[in-house]
Amino acid sequence: AQQVHVYAAASLTDAMNALVSRYEKTHEDVDIVPVYASSSTVARQIANGAPADLYFSANEKWMNWLDEQGVALSERADLLNNRLALIAPKDSSIDSFTPDADHPLAARLDDGDRLAVGDPDHVPAGIYAGQSLRSLGEWEALAPRLARANDVRAALALVERGEAPLGIVYSTDAEASDDVKTLGYFPADSHKPITYPVALVGEHPDDAARAFRQWLAGSEAAGVFRRFGFQPAGTDDS
Amino acid sequence: MLELDVTRQLGDLTLAASLTAPEQGVTALFGESGSGKTSLLRLMAGLDRPDRGVIRLDGETLVDTGRGVWVPPHRRRLGVVFQEARLFPHYRVRGNLRYALHASMQGEFERIVALLGIGHLLDRMPGSLSGGEARRVSIGRALLSGPRLLLMDEPLTGLDGARKQELLDYIARLAREVEIPIIFVSHDTDELMAVATRLALVEQGRIIASGELDDMLARLDLSDQLGGFEASSRLHAVLGQPEPDHRLIRAQLADGQQLLLPADAGAPGEAIALRIRVRDVALALEAPRHTSFRNLLAATIEAHDAERERPTVELTLRIGSERLRSRVTRHAFDELGLCRGQAVVAMIRSVSLSTSGRAQRQDVMD
Amino acid sequence: MLELDVTRQLGDLTLAASLTAPEQGVTALFGESGSGKTSLLRLMAGLDRPDRGVIRLDGETLVDTGRGVWVPPHRRRLGVVFQEARLFPHYRVRGNLRYALHASMQGEFERIVALLGIGHLLDRMPGSLSGGEARRVSIGRALLSGPRLLLMDEPLTGLDGARKQELLDYIARLAREVEIPIIFVSHDTDELMAVATRLALVEQGRIIASGELDDMLARLDLSDQLGGFEASSRLHAVLGQPEPDHRLIRAQLADGQQLLLPADAGAPGEAIALRIRVRDVALALEAPRHTSFRNLLAATIEAHDAERERPTVELTLRIGSERLRSRVTRHAFDELGLCRGQAVVAMIRSVSLSTSGRAQRQDVMD
Amino acid sequence: MLTPLESEALLISLRVAGVAVGAILVPGVAVAWLLARFEFPGKSLLDGLVHLPLVLPPVVVGYLLLVTLGRNGVIGQWLQAWFHFSLPFSWQGAALAGGVMAFPLLVRAVRLSLEAVDPGLEAAARTLGANRLRVLMTITLPLALPGIITGAVLAFARALSEFGATMTFASNIPGETRTLPLALYSLIQMPGSEAAAARLCAISIVVAMISLMASEALARRTRRRMAPRDR
Amino acid sequence: MLTPLESEALLISLRVAGVAVGAILVPGVAVAWLLARFEFPGKSLLDGLVHLPLVLPPVVVGYLLLVTLGRNGVIGQWLQAWFHFSLPFSWQGAALAGGVMAFPLLVRAVRLSLEAVDPGLEAAARTLGANRLRVLMTITLPLALPGIITGAVLAFARALSEFGATMTFASNIPGETRTLPLALYSLIQMPGSEAAAARLCAISIVVAMISLMASEALARRTRRRMAPRDR
Ligand SMILES: Nc1ncnc2c1ncn2[C@@H]1O[C@H](COP(=O)(O)OP(=O)(O)OP(=O)(O)O)[C@@H](O)[C@H]1O
Ligand SMILES: Nc1ncnc2c1ncn2[C@@H]1O[C@H](COP(=O)(O)OP(=O)(O)OP(=O)(O)O)[C@@H](O)[C@H]1O
Ligand code: MOO
Ligand SMILES: [Mg+2]
Ligand SMILES: [Mg+2]
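Just so it is clear, the model here is predicted, and its values are computed rather than measured.

Asker: Is there a simple way to explain the overall build of chain D in this structure?
Answerer: Check the secondary structure of chain D and you find 10 helices and zero strands. Seen in sequence order, chain D has helices and strands lined up from the N terminus as α-α-α-α-α-α-α-α-α-α. A burial count over chain D gives 62% of its 231 residues as buried. A separation of at least 24 residues holds for 71% of the contacts in chain D among residues at least 6 apart in sequence. Surface accessibility of chain D: about 8700 Å² in total, with carbon and sulfur atoms responsible for 71%. The average position of the 19 basic charges and that of the 12 acidic charges among the side chains of chain D differ by 8 Å.

Asker: What exactly am I supposed to notice about the overall build of chain B here?
Answerer: When helices and strands are tallied, chain B shows eight helices and 22 strands. Along the longest, intermediate and shortest principal axes, the C-alpha atoms of chain B span 65 × 50 × 35 Å. In chain B, which comprises 366 residues, the proportion classed as buried is 61%. Excluding contacts between residues fewer than 6 apart, the proportion of contacts in chain B whose partners are at least 24 apart in sequence is 63%.

Asker: Looking at this structure, how should I read the coordination of the magnesium ion (ligand 5)?
Answerer: Around a metal, the ideal angle is 109.5 degrees if four donors adopt a tetrahedral arrangement and 90 or 180 degrees if six donors adopt an octahedral arrangement. Residues and elements named next belong to chain C. Donor atoms from the polypeptide that bind the magnesium ion (ligand 5) are Thr38 (OG1) and Gln83 (OE1), placed at 1.8 to 2.4 Å. Highlighted residues: Thr38 in helix H1 (residues 37–45) and Gln83 in the loop between strand S7 (79–81) and helix H2 (93–98), separated in sequence by 45 residues. The two residues Thr38 and Gln83 agree in class, both being buried.

Asker: Explain the sheet that holds strand S1 (residues 2–9) of chain A here, please?
Answerer: Residues and elements named next belong to chain A. Read across the open sheet, the six strands follow the order S2-S1-S3-S10-S4-S11; overall the sheet is mixed. Only two strands of the sheet have a single partner each, and these edge strands are strand S2 (30–37) and strand S11 (231–232). As paired elements, strand S4 (residues 73–82) and strand S10 (residues 194–201) share seven bridges and run antiparallel to each other. Bridged to Ala77 within S10 is Val198. Sheet strands touched by helix H8 (residues 207–216): S1, S2, strand S3 (54–56), S4 and S10. Its angle to S4, the strand with the most contacts, is close to 30°.

Asker: It is not clear to me how the pattern of salt bridges should be interpreted in this structure. Could you clarify?
Answerer: If the charged atoms of two oppositely charged side chains come close together, the side chains can form a pair. Using the criterion set out here, one finds 67 salt bridges over all chains in the structure. In this structure, B:Arg42 and B:Asp48 form a salt bridge, with 2.8 Å as the shortest nitrogen-oxygen distance. Each member of the pair, B:Arg42 together with B:Asp48, is buried. Residues joined by salt bridges that share partners form a network here, namely D:Asp47, D:Arg108, D:Arg111, D:Glu115, E:Glu216 and E:Arg223.

Asker: Would you mind showing me how to read the domain arrangement of chain B here?
Answerer: Often, the extent of an interface is quoted as the loss of accessible area on bringing the components together. Taken domain by domain, chain B holds domain 1 (2–229) and domain 2 (232–363). Domain 1 of chain B and domain 2 of chain B are separated by 33 Å when their C-alpha centres are compared.

Asker: I keep staring at the coordination of the magnesium ion (ligand 4) and nothing clicks. Help me out?
Answerer: Protein coordination of the magnesium ion (ligand 4) is provided by B:Thr38 (OG1) and B:Gln83 (OE1), with donor distances spanning 1.8 to 2.4 Å. Take B:Gln83: its relative accessible area is 18%, and that puts it in the buried class.

Asker: I would appreciate a short explanation of the interface of chain B and chain C in the present structure.
Answerer: Across the contact, 58 residues belong to chain B and 58 residues belong to chain C. Buried area between chain B and chain C, both sides added, is near 4500 Å², and the carbon and sulfur share of it is 51%. Three residues, B:His246, B:Arg279 and B:His331, lead the burial of chain B against chain C; their summed loss comes to 15% of the area buried on that side. One salt bridge connects B:Glu335 with C:Arg294, and the closest N-O pair in it is separated by 3.3 Å. At the surface where chain B touches chain C, the tally comes to 18 residue pairs in polar contact (both at pLDDT 80 or more). Among the secondary structure elements, those contributing two or more residues to the side of chain B that touches chain C are helix H4 (131–144), strand S16 (281–284), strand S19 (322–329), helix H8 (330–336) and strand S22 (362–364) of chain B. Of the residues assigned to the side of chain B that touches chain C, the class counts are 18 nonpolar, 17 polar and 23 charged.

Asker: Explain empty space enclosed by the protein here, please?
Answerer: One simple way to see leftover space: roll a probe sized like a water molecule over the atoms. In the structure shown here, the tally under the stated rule is 12 cavities of 30 Å³ or more. The volume enclosed by the largest cavity comes to roughly 390 Å³. Forming the boundary of the largest cavity are 28 residues, of which A:Asn150, D:Tyr185, E:Phe163, E:Met167 and E:Tyr185 lie nearest the centre. At the level of elements, S2 and helix H2 (39–47) of chain A, helix H3 (58–69) and helix H9 (180–189) of chain D together with helix H3 (58–69), helix H9 (164–170) and helix H10 (180–189) of chain E are the ones that each hand at least two residues to the lining of the largest cavity. Here the lining of the largest cavity is composed, by residue class, of 12 nonpolar, 12 polar and four charged. Volume-wise, the second largest cavity comes out at about 230 Å³. Lining the second largest cavity are 21 residues; nearest its centre among them are B:Thr157, B:Lys164, B:Asp188, C:Thr157 and C:Lys164. Here the lining of the second largest cavity is built from residues that sort into five nonpolar, eight polar and eight charged.

Asker: I'm lost on the site of ligand 2 in this one. Help?
Answerer: Taken together, 21 residues lie around ligand 2, and B:Ser39, C:Arg124, C:Ser130, C:Gly132 and C:Glu133 are the ones closest in. Site remark: ligand 2 is flanked by residues from chains B, C and E. Within the backbone of B:Gly34, one N or O atom sits 2.8 Å away from an oxygen atom of ligand 2. A distance of 3.3 Å separates an oxygen atom of ligand 2 from a polar backbone atom of B:Ser35. Relative to its unbound accessible surface of 640 Å², ligand 2 loses 89% to contact with the protein. A per-class count over the shell around ligand 2 returns three nonpolar, 13 polar and five charged.

Asker: Please clarify how the relation of the copies chain B and chain C should be interpreted in this entry.
Answerer: Related by rotation about an axis and a shift along that axis, the two copies of the chain form a pair. Between chain B and chain C, the superposition needs a rotation of 180° and an axial shift of 0.0 Å, giving an RMSD of 0.1 Å. When the rotation and shift are considered jointly, the pair of chain copies conforms to a two-fold rotation axis. Taking C-alpha positions as reference, the residue of chain B nearest the rotation axis is B:Pro288, located at 2.8 Å. Comparing contact sets, 100% of the residues at the interface of chain B also lie at the interface in chain C, consistent with an isologous, same-surface contact.

Asker: What should I look at first to understand the UniProt feature "domain: ABC transmembrane type-1" (unreviewed entry) in chain D in this one?
Answerer: Under the feature "domain: ABC transmembrane type-1" (unreviewed entry), the UniProt entry names residues 10–218 of chain D. Secondary structure within residues 10–218 of chain D divides into 80% helix and 0% strand; the distance between the first and last C-alpha atoms comes to 24 Å.

Asker: Honestly, the site of ligand 1 in this entry has me stumped. Any pointers?
Answerer: By nearness alone, 21 residues border ligand 1, and B:Arg124, B:Gly132, B:Glu133, C:Thr38 and C:Ser39 come closest of all. Contacts to ligand 1 include B:Ser130, whose side-chain N or O atom sits 2.6 Å from an oxygen atom. Measuring from an oxygen atom of ligand 1, one finds a side-chain N or O atom of C:Thr38 at 2.6 Å. In the complex, 89% of the free accessible area of ligand 1, which totals 640 Å², lies under the protein chains. Those elements that provide at least two residues to the shell around ligand 1 are H4 of chain B together with H1 of chain C. In the shell around ligand 1, the residues fall into three nonpolar, 13 polar and five charged.

About the cut-offs
Residues numbered from 1 in each chain as written. Chains lettered and ligands numbered in written order. Predicted model: local features only at pLDDT ≥ 70, side-chain atom pairs only at ≥ 80, totals over all residues. Heavy atoms only, no water. Helix = DSSP H or I, 4+ residues; strand = E, 2+ residues; numbered from the N terminus. Buried < 20%, exposed > 50% of the residue type's maximum accessible area, 1.4 Å probe, protein only. Contact = heavy atoms within 4.5 Å. Areas by Shrake-Rupley, 256 points an atom, 1.4 Å probe, with all protein chains shown as cover. Lys, Arg positive; Asp, Glu negative; His and termini not counted. Charge placed at Lys NZ, Arg CZ, Asp CG, Glu CD. Donors = N, O, S within 2.8 Å, 3.2 Å for Na, K, Ca; no water. Pairing = 2+ DSSP bridges. Axes fitted to C-alpha atoms, helices over the stretch in contact; angles between N-to-C directions. Salt bridge = Lys/Arg side-chain N within 4 Å of Asp/Glu carboxyl O. Domains from an automatic or database assignment. Buried area = accessible area lost by both parts, 1.4 Å probe. Polar contact = N/O pair within 3.5 Å; in protein donor to acceptor, adjacent residues only side chain to side chain. Nonpolar A, V, L, I, M, F, W, Y, C, P; charged D, E, K, R; others polar. 1 Å grid on protein atoms, 1.4 Å probe; cavity = no way out; pocket = protein on both sides within 12 Å on 5 of 7 lines; lining within 4 Å. Points joined across faces, edges and corners; volume = space filled by probe spheres on them. Near = heavy atom within 4 Å. Least-squares fit on C-alpha atoms with pLDDT ≥ 70 in both. UniProt positions renumbered as here; feature names shortened; annotations may be inferred.

What follows is the structure in structure tokens.
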């Protein structure tokens with residue numbers, strides 16, 4: 001079977017796995033090989049010659065970076081959007097609320113408690129979280145109290161385990177876990193839009209990759225993405 | 001007193017030994033290479049456990065497999081001189097000597113260091129020592145631990161003659177002055193003759209005989225095992241007056257006959273024992289005149305083994321109530337026409353003093 | 001032939017030795033502990049480099065610091081018996097013996113194993129061997145490497161008497177049959193007397209004297225250094241007819257006088273050398289009758305040291321063109337009224353045969 | 001010379017790695033001794049446990065630490081309740097992660113050199129009246145010293161370079177748990193920070209090299225002191 | 001018993017770690033020998049280089065590998081041009097990453113046990129006509145065998161658990177470079193996969209324990225064979 005290597009952001013893991021098995025059922029001659037890591041890692045691997053047919057990033061920055069490196073990209077499109085969610089352990093006593101100017105986060109953290117986020121220095125989810133906290137005016141107070149994880153799933157785990165009473169992750173991560181509850185969503189305008197661009201990699205992308213890329217942008221895939229909490233681009237079902 | 005009755009399987013060899021060593025004196029273990037001497041010492045030291053058996057020291061039970069008694073080596077208070085030096089390479093010589101320095105031996109440090117001739121080595125690391133130097137340090141280390149049982153496994157190999165003699169003297173003196181059993185393994189019969197008071201013969205993992213050295217040496221049934229020892233016999237005497245100008249002293253035997261000995265044999269009036277090798281006793285039918293022999297003793301032939309067809313004949317002579325052994329060629333035996341009951345003159349050229357303070361030394365005595 | 005002239009600093013000791021060993025025979029290194037014997041062997045073996053100096057073997061230069069010549073140890077083809085056994089713990093005894101088995105020694109394997117009495121140990125790992133067993137294997141390993149120079153550092157320590165004698169015999173035979181220099185370190189003078197043809201005295205890193213063993217033993221200026229050796233002298237004789245019933249053989253000295261020796265001294269007509277210890281030579285003014293002495297030699301007193309005030313007197317006797325040394329007490333010397341030029345009878349009790357196939361052995365000869 | 005960020009990370013790293021090695025040294029040597037000199041039931045199990053951090057990906061180790069020592073972990077709860085002390089998110093936690101990851105290396109190195117100590121010397125010391133502890137302290141450990149130094153430096157280097165377990169268990173908190181590797185990782189992840197990353201990389205290497213060379217010199221000295229005449 | 005995913009990851013892991021250890025064994029022993037027995041200029045540098053992978057975070061090592069051996073790397077370009085072979089993103093690359101990370105552990109363990117070999121035995125062998133190489137092969141290495149086994153198993157375990165460098169240099173490609181740790185990491189990243197993750201974790205542990213115990217038994221056997229009478 002023809003292999004198609006899809007290099008995708010780690011946050012897409014569950015959704016992509018579902019999509020791949022669905023696609024392969026109807027396309028038996030194609031073998032989709034998904035490779036997950038943080039968008040940055042994946043981007044650097046592609047820049048260094050990883051045999052990628054498709055790059056599916058969790059933000060535009062790394063897609064742009066890849067472009068700047070001179071990697072041939074084609075049929076680039078923003079496929080998905082995501083939201084930032086404030087989460088707490090399932091058995092948390094904190095009530096649901098939407099973090100905004102009237103509902104400061106800092107007030108809900110006891111002394112010594114930390115807020116779990118992806119590292120705002122480089123983890124995309126953390127970068128968005130940082131933007132939100134800044135625009136909500138809470139950065140100064142909370143920056144020293146962050147538990148910075150090296151990817152968004154590690155931040156999720158900190159909340160799942162109850163190490164941190166609060167955490168900021170993508171809504172998709174929150175939905176994937178049974179051990180956390182979503183207290184609320186950060187206002188979409190408090191951070192740059194969370195966009196997942198996809199592109200074919202290479203001077204001469206092969207047909208199977210092109211076909212899969214087309215299928216990912218289609219409605220069947222959109223349904224799956226939605227089921228995992230993503231918002232297919234252009235829709236707004238929040 | 002050390003009492004031991006143990007068995008232990010060593011590969012094909014079954015060690016099954018039973019031994020008693022008095023609280024005073026040196027007990028020699030003698031036997032061919034591989035007979036089990038070191039293995040026995042290891043059991044006494046607590047480095048190996050017997051399969052079955054009992055070891056008691058001064059009434060204290062060190063090991064009793066039946067009753068499950070086991071005193072670990074460090075509580076046995078022994079001094080072991082191993083067949084190899086086993087110095088601690090990371091301590092200087094001084095540190096090795098002080099490692100187990102016992103309070104009671106504090107004052108002895110200087111003396112033992114001088115005795116061993118290792119004063120100039122105290123600040124050296126053991127790695128650079130010569131074979132004999134390392135061995136001396138290891139002897140010193142064992143002595144300075146103030147043991148109540150001293151186990152020495154061929155301790156004097158690699159030492160030069162003068163040093164060896166001094167150490168033999170020291171060990172002999174130690175054995176007389178201090179009440180600790182000393183077990184001494186050596187293949188050197190001269191060494192054993194010099195230092196041992198008792199002898200245990202080891203053969204194939206068994207102690208086939210043990211007892212007072214002199215008694216053992218007199219036993220004809222052990223002559224094969226004792227091949228290495230020069231056969232000898234012992235005479236008792238009381239020292240008389242010295243002859244100052246010749247640095248000699250007279251010694252009187254029980255039957256009144258006299259011998260001339262070196263002046264340092266002891267003090268007038270002292271009772272001593274003399275060891276005389278068979279090959280130092282020649283015979284004559286009558287006292288020869290004008291020879292260099294000083295010591296001529298009238299004796300009677302009590303027994304001989306001329307019926308064994310050998311080139312030499314062993315004779316037992318009677319001097320008063322004591323026995324003296326001699327060996328002559330069959331040629332001489334035949335020509336002199338010797339027979340039992342005959343009166344002869346024993347011509348003795350050199351003697352060993354076995355109870356003097358010093359370990360024994362041979363002296364020309366004619 | 002081995003020629004060596006080297007210096008090397010060892011801590012405080014300056015090794016500065018010069019030595020020649022002929023291609024045939026055993027050269028003994030004798031000297032007190034720490035005098036530098038092992039260090040010298042290490043230089044010969046190539047385990048240490050001299051600070052300055054030259055070592056040549058059979059004309060080939062092994063080391064020449066001036067010309068920058070250095071033959072590494074593995075190309076020197078030597079056999080070294082170290083002061084410690086140094087067996088390879090991961091090979092069986094057989095593997096150790098075969099490690100450097102030389103083609104020329106292939107046929108010797110069985111013989112050497114039997115000689116060393118290690119046949120039953122071939123399949124054992126060295127870890128469990130007794131001290132003497134390990135030493136024998138290490139001697140075997142060196143012999144089987146078919147060396148062109150044999151360095152033996154106290155090789156026979158820890159061996160029992162019988163085995164030691166057999167090995168001494170073997171080494172003596174080897175030295176006669178094979179043209180390789182053998183350097184033999186030992187503190188045991190009996191051992192050296194038995195096996196060595198040459199003697200080099202080591203003191204404080206220097207070789208203070210070297211030469212034929214008998215010549216060395218005769219040198220009065222070395223009597224302090226040779227204290228450990230029993231003084232002796234040598235007589236030459238030609239064997240005559242055996243006396244079968246007494247298992248004796250007659251030997252004729254140059255001046256026609258005869259001695260009786262053990263029958264195995266050699267074959268009729270063979271020229272032999274006898275070594276006679278001073279303490280085995282007693283004196284008489286006239287030949288005593290009816291004594292067990294078989295060997296009475298007419299002699300003349302050539303020299304004595306009675307002027308030195310000692311309890312014993314050393315005498316040099318003349319027998320034809322040869323010299324024989326004797327030692328008597330001053331008491332006897334005075335009483336017999338001995339003086340230079342006087343005719344005496346030397347009474348010899350036992351002799352050593354030093355040129356026989358076997359290493360020498362003492363025999364009672366009266 | 002160093003930027004404030006760099007010196008902060010360096011200091012944290014040194015403290016974390018130093019405390020880590022300090023904390024595991026004695027237990028590490030003790031376990032190595034147990035494994036080298038004794039036979040006991042459960043020895044294989046202990047041996048396996050010791051090596052666990054080596055055979056698992058560091059992130060997993062960090063996760064397991066979180067499960068046991070985290071706020072809701074079996075032991076963590078108890079620590080919290082009795083000492084009001086929690087390890088995650090603290091530099092002590094980072095030190096713990098580093099120590100756990102370094103432990104097998106320490107034990108292995110020490111064990112190898114303990115096994116190389118001539119048991120004949122230990123036997124000699126015992127006959128000289130030294131009990132097992134004194135033999136250990138005066139003979140076995142000093143003779144194994146080069147190996148212990150080696151082990152300690154390996155452990156230090158490993159703790160210094162620890163990333164996955166630290167990140168997972170102690171998080172990447174500037175000024176608290178952001179060690180050199182975490183800072184380095186962050187920089188690598190940020191496009192355009194290559195130069196800064198290279199500087200940090202160089203600093204890590206220099207620190208490690210210094211400790212390695214110091215240990216090498218130390219080990220060589222102890223070895224030379226007790227060298228036999230054959231080198 | 002094993003799911004296809006698990007057995008796939010297991011097989012890749014075994015192949016990767018096996019090849020890694022196989023590839024570094026000889027050079028590792030050689031370097032250890034050089035470091036243990038010789039003095040030469042640049043020795044400290046070599047020693048430092050050997051330890052580099054130990055003191056750097058694995059991700060950084062992977063990154064450095066990528067920079068040098070990647071498609072645009074100095075050596076990588078050359079490999080590509082002459083052999084049409086590229087290491088990154090292949091299982092050979094994963095093996096390389098594992099080998100590089102395991103190298104210092106191997107060298108250290110081997111070196112420690114080489115240094116414990118009695119030089120007197122080597123000297124004896126030389127006088128018996130063995131040249132340096134024969135001494136090495138017949139005396140030094142066999143006597144250091146327990147340490148070499150230990151080192152090889154440490155290296156194997158380390159390669160088996162390698163994550164950061166592999167991830168960076170060889171990526172996490174199912175069926176090609178997805179080793180046990182990478183698969184385990186992926187599972188941990190997926191909430192709800194705890195059970196599957198625990199299974200993989202157990203598999204990793206079992207594999208590592210088996211190799212550890214086998215090596216332990218081997219090392220013990222060689223040691224016992226040559227044990228002196230004092231234990
Ligand atoms: N590396 C060194 N540093 C300092 N001194 C040394 C060194 N090597 C040897 N020596 C000393 O040199 C002397 C000669 O040693 P060597 O081993 O040659 O003596 P030896 O004659 O063989 O003595 P033994 O009969 O006791 O074996 C000894 O005093 C020894 O301590
Ligand atoms: N663990 C063992 N396995 C097999 N045989 C052993 C073991 N330990 C000792 N032996 C054997 O037991 C015998 C006795 O050894 P031991 O060391 O006691 O002899 P020894 O009398 O001291 O000899 P030597 O005079 O040569 O030192 C030897 O043949 C030795 O090889
Ligand atoms: O999916 Mo990401 O790139 O780890 O936030
Ligand atoms: Mg022994
Ligand atoms: Mg010596």
